[in-house]
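# Observations on the model geometry
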Amino acid sequence: MTKKRIVITGAPGTGKTSIIIKLEESNFYCFHEVIRTMTQEAKKNNGSNTIVSNPIVSVSDPYEFNTKILNARVQQFKDATSKNNEVLFYDRGIPDVLAYMDYFDQHYEDHFVGECKRHVYDHIFILPPWKEIYVSDEERYESFEQAEEIHHHLLNTYTKLGYHCIEVPFGSVAERNNFILKHIL
């Protein structure tokens, strides 16, 4: 069975999680964002309940942290082969790691790009920054302006890797889900 692998990406606070939850409610299989769990671990390991910026720059070894994120997303990609679902959604894709490292001006080696090229998705949907719904929380540290910059890094990274990113228009969760589903089904 050929699987369609669809990434839902975007800067923090753009509505990705709400869309993923709605897709799951419609019986689609969704791989969740790996960094939320890792952020909680980073807080615990740093002996702090709060991190004042993105954990990628707050942890003691950002390169190691990014490597863990990369490996976890590659593992999600590989885990898809054991799923019986034809359509699989990912809350962020492997190239997101590169986009964030570019945003934070962090060096990465060729194998990071190699993993992106070896594990190719079928569709990339990018959610643009949306000021009206943007809220900071325990796992979202960026300002809205920083979210706009991250959006540009995501778009540039996916484009450099040969993807055509489909921008999801603003609207209700149901409207946004319908937009995505019309493009892939």
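Not measured: the values here are computed from a predicted model.

Cut-offs applied
The residue numbers shown here count from 1 along each chain, following its written sequence. Given that this is a predicted model, residues contribute local features only at a pLDDT of at least 70 and side-chain atom pairs are listed and counted only at 80 or more, while totals for whole chains, interfaces and linings are drawn from all residues. Note: side-chain values were computed over all heavy atoms of the structure, leaving out hydrogens and water. The criterion for an aromatic pair is that two Phe, Tyr or Trp rings (for Trp, the six-membered ring) have centres within 6.5 Å, with stacked assigned to planes under 30 degrees apart, edge-to-face to planes over 60 apart and tilted to the rest. Secondary structure is summarised from DSSP: a helix means a run of H or I of at least four residues, a strand means a run of E of at least two, and numbering begins at the N terminus for each. Only protein chains enter the calculation, and the probe is 1.4 Å; a residue is then buried if its accessible area is under 20% of its type maximum, exposed if over 50%, and partly exposed in between.

On to the packing of aromatic side chains. This structure, assessed with the given rule, holds 12 aromatic pairs. Look at Trp130 and Phe170: their rings are 4.6 Å apart centre to centre, the planes differ by 25°, and that puts the pair in the stacked class. With Trp130 in the loop between β4 (123-127) and α7 (144-160) and Phe170 in the loop between β5 (165-167) and α8 (173-184), this pair connects stretches of sequence that are 40 residues apart. The exposure class assigned to Trp130 is buried, which follows from its relative accessible area of 16%. On the accessibility criterion, Phe170 (46% relative accessible area) is partly exposed. Ring geometry for Tyr134 and Phe144: centres 5.8 Å apart, planes at 70°, overall edge-to-face. Taken together, the positions of Tyr134 in the loop between β4 and α7 and Phe144 in helix α7 put the pair 10 residues apart, joining distant regions of the chain. In this pair, the class of Tyr134 matches that of Phe144, namely buried.

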